[in-house]
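# Residue-level structural notes
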Amino acid sequence: MKIGVVVFPGSNCDHDALYAAGVLAGQQAVPLWHESEDLEGADAVILPGGFSYGDYLRTGAIARFSPVMSAVRRFAAAGRPVLGICNGFQILCESGLLPGALLRNAGLHFVCRPVYLRVEATDTPFTAACRAGQVLRIPVAHGDGNYVVDPPTLDRLRRERRVIFRYCGRDGRPAPDANPNGALDDIAGVASEGRNVVGLMPHPERAVEAALGSDDGLAIFRSLVQTLAAETALTVAG
Amino acid sequence: MPFSAAQIARQGLTLAEYQRICDLLGREPNAVELAIFGVMWSEHCSYKSSRVHLKGLPTEGPRVLQGPGENAGVIDIGEGWAAIFKIESHNHPSFVEPFQGAATGVGGILRDVFTMGARPIAIMDSLRFGPLAPGKGVSETVAARNQALLEGVVEGIAHYGNCFGVANLGGEAEFDPCYSGNPLVNAFALGIARRDAIFYGRASGVGNPVIYVGAKTGRDGIHGATMASEEFSEASESKRPNVQVGDPFLEKLLLEACLEAMATGAVVGIQDMGAAGLTSSSCEMGGRSGTGVDLDLDRVPQRETGMTAEEMMLSESQERMLLVAERGREDEVFAVFRKWGLDAAIVGEVTAGGMLRVRHGGRVVAEIPNAALTHEAPRYQRPVAAPPSLAPLDPPPGAWPPAVSCAAAFERLLASPNLAAKRYIYARYDTMVRTNTLVAPGAGAGVVRIKGTDQALAMALAGRGRYCRLAPREGARLAVAEAARQVALTGARPVAATNCLNFGNPEKPEVMGQLVEAIAGLGEACRALGTPITGGNVSLYNETLGRGIDPTPVVGIVGILSLAGRVCGWRPPAGHFRAPGEAVLLLGAAPPLPPEEEVRRMGATELADAVLGAVWGLPPALDLERERALHELLAELVGRDLIFSARQVGLGGLALSLAKCALARSVEEPETPFVGARLVLPSGAAPGSDWLELFAEHGGRVVVSCALASAAAVEELAAARGLPCRRLGETIPERLEIAGAGGRVLISMPLAQMAEIWEHALERQVSAEAVAYV
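Residues numbered from 1 in each chain as written. Chains lettered and ligands numbered in written order. Predicted model: local features only at pLDDT ≥ 70, side-chain atom pairs only at ≥ 80, totals over all residues. Heavy atoms only, no water.

### Re the overall build of chain B
- The helix and strand inventory of chain B stands at 28 helices and 28 strands.
- Relative to the 2.2 N^0.38 estimate, which gives 28 Å for 774 residues, the radius of gyration of chain B is 26 Å and therefore close to what a compact globule would have.
- Projecting the C-alpha coordinates of chain B onto the three principal axes gives extents of approximately 85 × 55 × 45 Å.
- Looking at chain B residue by residue over its 774 residues, the buried ones come to 66%.
- Here the analysis covers contacts within chain B between residues at least 6 apart in sequence; of these, 83% occur between residues at least 24 apart.
- On chain B, roughly 24,400 Å² of surface is accessible, and the fraction owed to carbon and sulfur atoms is 52%.
- A distance of 3 Å separates the average location of the 70 positive side-chain charges in chain B from that of its 86 negative side-chain charges. (Helix = DSSP H or I, 4+ residues; strand = E, 2+ residues; numbered from the N terminus. Rg over C-alpha atoms; globule rule 2.2 N^0.38 Å. Buried < 20%, exposed > 50% of the residue type's maximum accessible area, 1.4 Å probe, protein only. Contact = heavy atoms within 4.5 Å. Areas by Shrake-Rupley, 256 points an atom, 1.4 Å probe, with all protein chains shown as cover. Lys, Arg positive; Asp, Glu negative; His and termini not counted. Charge placed at Lys NZ, Arg CZ, Asp CG, Glu CD.)

This is the structure in structure tokens:
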């Protein structure tokens, strides 16, 4: 399987995503340069964390105009898996590939710490190997992770089960300090209508080795590999 | 003479120095040349007051590949890799403009590291401010300003490091009235490179092009180096334009472009434009290679029009580098910088003859031998007087033994900003980016692994201003010992040091006395602990309105931790207890002291200052030989996986060390149950002996926890090294109970109550206005 990781100017978690998808998930992981519309035959695309274009103007607001994003839009429209992590999630929202927006954290400060996430839906390429309600311990590191969306869209997201991850306590239940940024309805990640595009603020690529504190993030990468493998099997069988 | 005395003084030069310039040039300088001399001969760039004394420091060792004199120090860490690291001050700019001052401090130290071909993988900071709360001679206004400085500095560090994408492993933050007018912001960075791919700041190869890369030059930061070499006064607010403005996004691009350009093989030498910008980078590169550099300022990328030669030569615009490429291969360099959207322009050429020649508007505006600006800069043997005795030797009448109870003192120390949890600060830093962080802030040392190898690097910073106030030599030794001890707690072997010497005005003989003594102490400790100094910086003139800071040498120690043979998922011992039912031991002990000295050596403790409100006597005791034996013992204990946790006894003494062992985990993992301990200290019957046991800060001591079944093995290994090892008790759930001889309870507190005090003590002192100020 080939996983492409987009490199925008200012991306700084691109190496980490390549390492997680390549070395740890055992896939072919390739960087995709922002100026190119060629996704190099990738089976899935990750928009990594960082500060694309310095977060100038607004997080993700400039990156959405990169040539590579035209290719990503087509790729997503074709139903292919796209994952936006942190700044990648912000870019997906700015690009209109995901609903909502990410505001300054409620506490006004950048926050870097492990949080607990509850997996709300397993019918996405990035949660297929998880159990519904599974709790993952994954770090956040962002200044703008306060997810907002208008009430009708929130209703729709709930109805269509498109909230994929929620901040929670260790036992999976809501907890007072669980939400690190004030996000609406404790939302940590959402999916597109087609469920193939997923964005989340926490960094699964930082939770892939026990020595670093948690390997719960591997579940996200394993889900992707499992989904792609199942597709390949179908194609071969078909 | 074409210049008035005032004009010369404005460049920070004395008349004698002016005469020396005339002698070196064989003529009078013109205005541009005078400005160039002014900045290169400033204290900040020339180290003219400290250099003769720094010579005594140990700078060589089997692992040292590059000692002081380059952009950063380099050590061999094995498996073909090198670690490149340094610490540098940005005190003056951070006082004038805290956010940008601290941000560009981080930016500057990162460039020092990646200009040598290393990718930065960790940063740390050593911060000192005046008290955040009013009282004890600190007015409401001053306290409010200190809060704003803290907020600005922390936000600036977070802004720059987070965006650049380097893990911040914490460091230290302390508060004392002497830093009210002079906060200290010392930034440390460490990067790694292949041993055979280190780049140096050298302009070799006559005829090679000199290429300017990175941000355009503007009028910001002009005379920043000169500002950093002066005392501050009430007019210092007007120095705000001297502070540079940082752009971490641009620096990130510059990092990637520089590393990629270096990989082409076309880069001969490279140096960042830090203090004194274009001037220092060009003359220092030439100076090191014995070559000259011709610069044509008309070709320098500029973001403002009408800049004069002086402005361009002295600008400290950030995120710029000067590199020398192999002639004929310029296009390879240009292609890389174009890819990253950065300016790159040939602005000159390496020449024979050692002359820095600057052209502007088609004519030569400066012509100075590089050596005159570098090797020939003045060195002063400034008058040195014995450091003044700043406190009485014995405690004030009635102060000792303290009138309060040990438990009350303990509770107050938990809330002391110097001892309270620093999560309020480091929670804003990205501590994990690049996924190497094995030990994040909060434990004492930070640890990062090196992907693709069996190695990890541990690092820690320490400074002890109050100790140095009483005895600079002993204080400096204690700072080295503490930083090395923190590193050793992880199981790493301390191998090298970097230092930042923060002092007052060197023109005062007693300040020189402090400097000379502190350097001697640094040298002694670094020699004894096997950690040669590979570089650093000296920050003098930390005075405002004539009030100087405590002499504050800050030491950074780097250690190597081998992960070979470790099971997958192994991590160094934690800084907190693991589970109830485990043994708690104290390794090491204070050297035996006569009774009256015991009390004298309590006078610099946090207990004395924060609870008793008096400082007297001498710093805590330290035996360097035992300290080294302790580090070796720790490496052995960790190597054999015998201990679960390790924490040094430092500020606040054994009591606070135990408290942190019980509390540190809850800060990081709020939903985990508390693990405390029930302990008995063998304090004697003499008055005050409980106080000595609980709150003395003598060096060479570490609290460890281990399985009950392993305690005997730990004791044996300690005994084999001639080190005392005392079993203090066992871990228990939810409480910390400390008893003295005969079972008298000294401290007994639920951890939930302790956590409530300790975790939020710092942020409780910061007002909403200070937060909003940033």
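### A short note on the interface of chain A and chain B
- Between chain A and chain B, the residue contacts involve 32 residues of the former and 38 residues of the latter.
- Together chain A and chain B conceal approximately 2,900 Å² of surface at their shared face, both sides included; 59% is due to carbon and sulfur atoms.
- Linking chain A with chain B are two salt bridges.
- Close ionic contact of A:Glu209 with B:Arg449 constitutes a salt bridge, the shortest N to O distance being 2.7 Å.
- Counting across the interface, chain A meets chain B through 10 residue pairs in polar contact (both at pLDDT 80 or more). (Buried area = accessible area lost by both parts, 1.4 Å probe. Salt bridge = Lys/Arg side-chain N within 4 Å of Asp/Glu carboxyl O. Polar contact = N/O pair within 3.5 Å; in protein donor to acceptor, adjacent residues only side chain to side chain.)

### Concerning the pattern of salt bridges
- According to the stated counting rule, one finds 68 salt bridges over all chains in the structure shown.
- With its nearest N and O atoms 3.1 Å apart, the salt bridge here joins B:Arg219 to B:Glu311. With B:Arg219 in the loop between strand S7 (209-214) and helix H9 (224-227) and B:Glu311 in helix H12 (residues 309-314), the pair connects residues that are 92 residues apart, well separated along the chain.
- Relative accessible area serves as the criterion here: at 29%, B:Arg219 is assigned to the partly exposed category.
- Here B:Asp294 and B:Arg357 are joined by a salt bridge, their closest N and O atoms 2.9 Å apart. Taken together, the residues B:Asp294 in strand S9 (residues 292-296) and B:Arg357 in strand S12 (residues 355-360) connect sequence positions 63 residues apart.
- Beyond isolated ion pairs, a larger network of salt bridges with shared partners links A:Arg118, A:Glu120, A:Arg158, A:Arg166 and A:Asp185.

### What to know about the sheet that holds strand S27 (residues 735-739) of chain B
Residue and element names in this part refer to chain B.
- Sheet architecture is open: seven strands sit in the order S23-S25-S22-S26-S24-S27-S28, paired in mixed fashion. The sheet terminates laterally at strand S23 (643-648) and strand S28 (745-750), the two strands that pair on one side only. Taking the axes of each pair of neighbouring strands and ignoring which way they run, one obtains an average angle of 20° across the sheet.
- Where strand S22 (residues 583-587) meets strand S26 (residues 725-733), five bridges bridge the pair, whose relative direction is antiparallel. Counted as the bridge partner of leucine 585 is arginine 727 from S26.
- Helix H15 (residues 406-414) rests against S27 and S28 of the sheet, and its axis sits at about 45° to S28. (Pairing = 2+ DSSP bridges. Axes fitted to C-alpha atoms, helices over the stretch in contact; angles between N-to-C directions.)

### Side note on the nonpolar core
All names here are of chain B.
- Ranked by size, the top nonpolar core spans 267 residues in total, and within it Phe410 and Phe695 carry the most contacts.
- Element by element, the count of residues in this core is highest for helix H10 (residues 248-263), at 10 residues.
- If we skip the residues at most four places from it in the chain, phenylalanine 410 touches Ala655, Leu656, Ala659, Phe695, Leu736, Ile747, Met749 and Met754.
- Met40, Cys283, Val350 and Ala372 belong to the second-largest nonpolar core, a separate cluster that totals 47 residues. (Core = buried A, V, L, I, M, F, W, Y, C linked by side-chain atoms within 4.5 Å.)

### Details of the packing of aromatic side chains
- Taken as a whole and assessed by the stated rule, the structure comprises 11 aromatic pairs over all chains.
- Ring geometry for A:Trp33 and B:Trp340: centres 4.8 Å apart, planes at 80°, overall edge-to-face. Linking A:Trp33 in strand S2 (residues 28-33) with B:Trp340 in the loop between helix H13 (330-339) and strand S11 (343-351), this pair reaches from one chain into another.
- For B:Trp340, a relative accessible area of 9% gives the class buried.
- When the ring of A:Phe89 is compared with that of A:Tyr147, the centres are 5.8 Å apart and the planes differ by 15°; the resulting orientation is stacked. On the criterion of sequence distance, the pair formed by A:Phe89 in helix H3 (residues 87-94) and A:Tyr147 in strand S8 (residues 146-148) is long-range, its members being 58 residues apart. The exposure classification of A:Phe89 matches that of A:Tyr147, with both residues buried.
- The lysine or arginine in question, B:Arg464, covers the ring of B:Tyr467, its NZ or CZ lying 5.9 Å from the ring centre.
- The aromatic ring of B:Trp570 is capped on one face by B:Arg566, whose charged end is 3.8 Å from the ring centroid. (Phe/Tyr/Trp six-rings, centres within 6.5 Å; stacked < 30°, edge-to-face > 60°. Lys NZ or Arg CZ within 6 Å of the ring centre and 35° of its normal.)

### A closer look at a positive patch on the surface
- Together, B:Arg20, B:Arg51, B:Lys55 and B:Arg379 make up a positively charged patch on the protein surface.
- By secondary structure assignment, the location of B:Lys55 is in the loop between helix H5 (51-54) and strand S1 (64-66). (Patch = residues over 30% accessible without salt bridge, like charges linked within 9 Å, V, L, I, M, F, W, Y side chains within 5 Å.)

### Details of H3(A)
Residue and element names in this part refer to chain A.
- Taken across its eight residues, H3 has eight buried, putting it largely inside the fold.
- Along H3, the residues classified as buried are Asn87, Gly88, Phe89, Gln90, Ile91, Leu92, Cys93 and Glu94.
- Backbone geometry just downstream of H3 places glycine 96 in the positive-phi region, at approximately 80°.

### Looking at the packing of H15(B) against helix H26 (residues 751-758) of chain B
Residue and element names in this part refer to chain B.
- Orientation of H15 relative to H26, taken along the N-to-C sense of each, is 45°, at an axis distance of 8 Å. What the angle tells us is that H15 and H26 run oblique. Contacts between H15 and H26 pair Phe410, Glu411 and Leu414 from the former with Gln753, Met754, Ile757 and Trp758 from the latter.
- Partitioning the contact of H15 with H26 into residue classes produces five nonpolar, one polar and one charged. (Parallel < 35°, antiparallel > 145°, perpendicular 65-115°, else oblique. Nonpolar A, V, L, I, M, F, W, Y, C, P; charged D, E, K, R; others polar.)

### With respect to the confidence of the model for chain B
- Chain-level pLDDT for chain B is 94 on average; 97% of the residues reach the 70-or-more range.
- With a pTM of 0.96, the predicted complex shows an ipTM of 0.97. (pLDDT = per-residue confidence, 0-100.)

### As for the sheet that holds strand S5 (residues 168-175) of chain B
Residues and elements named next belong to chain B.
- The strand order across the open sheet formed by six strands is S1-S2-S3-S6-S4-S5, and the pairing between neighbours is mixed. Whereas interior strands pair on both sides, the edge strands pair on one side only; in this sheet they are S1 and S5. The sheet shows a mean angle of 20° between the axes of neighbouring strands, taken without regard to direction.
- Inspection of the sheet shows S1 paired to strand S2 (residues 73-78) by two bridges, in the antiparallel sense. Counted as the bridge partner of valine 64 is isoleucine 75 from S2.
- Against the sheet, helix H8 (residues 140-164) touches strand S4 (119-129), S5 and strand S6 (184-194), its axis set at about 180° to S4.

### Describing the pairing of strand S3 (residues 81-89) of chain B
Residue and element names in this part refer to chain B.
- Buried residues dominate S3, accounting for eight of its nine residues.
- Sheet analysis places S2 next to S3, joined by five bridges and oriented antiparallel. Its bridge partner lying in S3, aspartate 76 is registered against alanine 82.
- In this sheet, S6 lies alongside S3 in antiparallel orientation, the contact comprising nine bridges. Among the inter-strand pairings, isoleucine 84 is bridged to a residue of S6, identified as glycine 191.

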